[in-house]
Amino acid sequence: MDHTARLLVISPHYDDAVLGCGDLLAATPGATVLTVCSGVPPADAPLPQWDRECGYRRPHEAMLAREREDSLALAALNAHALRLGVLDSQYGGPLDVAELRHLLAGALAQLRPRQVYIPLGLFHDDHIRISDALLDLYAGQQDGAAWHAYEEALYRCKPGLLQKRLARLLDSGVQATPQPGPPGAGERKAEAVRAYASQLRPLGLADGGGDPARPERYWLLERLPRADGARS
């Protein structure tokens, strides 16, 4: 991690950044995508149901294939790929928020992004824990970077989830204001989505449509002042 990121998108898993921010990435050549759950499990690890549904026989083969797919997807968007190497919870159990904070703080310190896009934290436990760790870092950040949250495709349509998450952010002292995004979905994003070939059928995206083809939505994050007048 030796280059400054003008725009950084943090992706819980391979595909989340492209499904949720592919049009943004296409409109911002040279952006960086940092994938958190990119660790490769040992060859003798049990095969989770999701990997089985994607047609794999061993989980390490699944992760190596997804890494290749992700590299193709990000190349189609002219984006840099970085990986944090954390094991997906389906291989290593629930993610540790304290460890995530430590690893993500180090990555942010080295990348020094001007704009940060983080997952809003919808539905999936990995997404929620990664988003929580990033929001903890946002609460203490002093470098002037603009922070946004993006709505994770597929999960944002689940009834009530978005509203509940936004309410939780507000309760924690973070105001989220909707921001316009690029018109959706451009051909470059569609090409990038197609690169995740092994997951399209299980995700219900084999026909090239669905939620990722709809306009992306982002939220500008701002810390609210505390009652004593200090910043939260």
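A quick note: this is a predicted structure, and the numbers were derived from the prediction, not measured.

Parameters at a glance
Residues numbered from 1 in each chain as written. Predicted model: local features only at pLDDT ≥ 70, side-chain atom pairs only at ≥ 80, totals over all residues. Heavy atoms only, no water. Buried < 20%, exposed > 50% of the residue type's maximum accessible area, 1.4 Å probe, protein only. Helix = DSSP H or I, 4+ residues; strand = E, 2+ residues; numbered from the N terminus. Pairing = 2+ DSSP bridges. Right-handed = clockwise from strand over helix to strand, strands pointing away. Phe/Tyr/Trp six-rings, centres within 6.5 Å; stacked < 30°, edge-to-face > 60°. Lys NZ or Arg CZ within 6 Å of the ring centre and 35° of its normal. Core = buried A, V, L, I, M, F, W, Y, C linked by side-chain atoms within 4.5 Å. Contact = heavy atoms within 4.5 Å. Disulfide = S-S within 2.5 Å. Arc of directions from axis to C-beta.

Draft legend 1. The arrangement of the pairing of strand E1 (residues 7-11) in detail. Counting buried residues in E1 gives five out of five residues, a clear majority hidden from the surface. Alternating residues of E1 divide into Leu7, Val9 and Ser11 and Leu8 and Ile10, and every residue in both groups is buried. Where E1 meets strand E4 (residues 115-119), three bridges bridge the pair, whose relative direction is parallel. Considered in E4, the bridge of Leu8 is made with Val116. As paired strands, E1 and strand E2 (residues 32-35) are joined by four bridges and run parallel to one another. Looking at the pairing, Leu8 lines up with Thr32 of E2. Remark: the E1/helix H1 (residues 16-26)/E2 crossover connection has right-handed handedness.

Draft legend 2. How the structure looks around the packing of aromatic side chains. Using the criterion set out here, one finds three aromatic pairs in the structure. Ring geometry for Phe123 versus Tyr155: centroids 5.1 Å apart, planes at 45°, classification tilted. Here the residue Phe123 occupies a position in the loop between E4 and helix H6 (125-140), and Tyr155 occupies one in the loop between strand E5 (146-150) and helix H7 (161-171), the gap between them amounting to 32 residues. Owing to a relative accessible area of 48%, Phe123 belongs among the partly exposed residues under this scheme. Tyr155 sits in the buried class, given a relative accessible area of 18%. Ring centres of Tyr138 and Trp147 lie 5.3 Å apart, and the angle between their planes is 40°; on these two criteria the pair is classed as tilted. For the pair formed by Tyr138 and Trp147, the shared burial category is buried. Positioned above the aromatic ring of Phe123, the side-chain terminus of Lys158 is 4.5 Å from the ring centre. A cation over a ring is seen here: Arg223 above Tyr138, with NZ or CZ 5.0 Å from the ring centre.

Draft legend 3. The nonpolar core, seen in detail. With 34 residues, the main nonpolar core has Ile10, Val36, Leu100, Leu104, Ile118, Trp147 and Leu221 as its most contacted residues. Listed by contribution, the elements that provide at least two residues to this core are E1, helix H5 (97-111), E4, H6, E5, H7 and strand E7 (218-223). Broken down by element, the residue count for this core peaks at six residues, all from H6. Leave out the neighbours within four places in its chain, and Leu100 touches Val36, Val86, Leu95, Arg129, Ile130 and Ala133. Formed by 26 residues, the second largest nonpolar core is a distinct cluster that contains Leu7, Val18, Tyr117 and Leu200.

Draft legend 4. Highlighting the state of the cysteines. One pass over the full model with this rule turns up zero disulfides. Cys37 takes part in no disulfide bond, and the closest cysteine sulfur to it belongs to Cys54, at a distance of 15 Å.

Draft legend 5. Representation of helix H8 (residues 187-194) within the structure. Where H8 is concerned, the buried positions are Lys189, Ala192 and Val193. Within H8, the buried residues cover an arc of 100° as seen down the axis, which keeps them to one side. Buried residues along H8 sit in contact with H1, helix H3 (59-76) and helix H9 (197-203).

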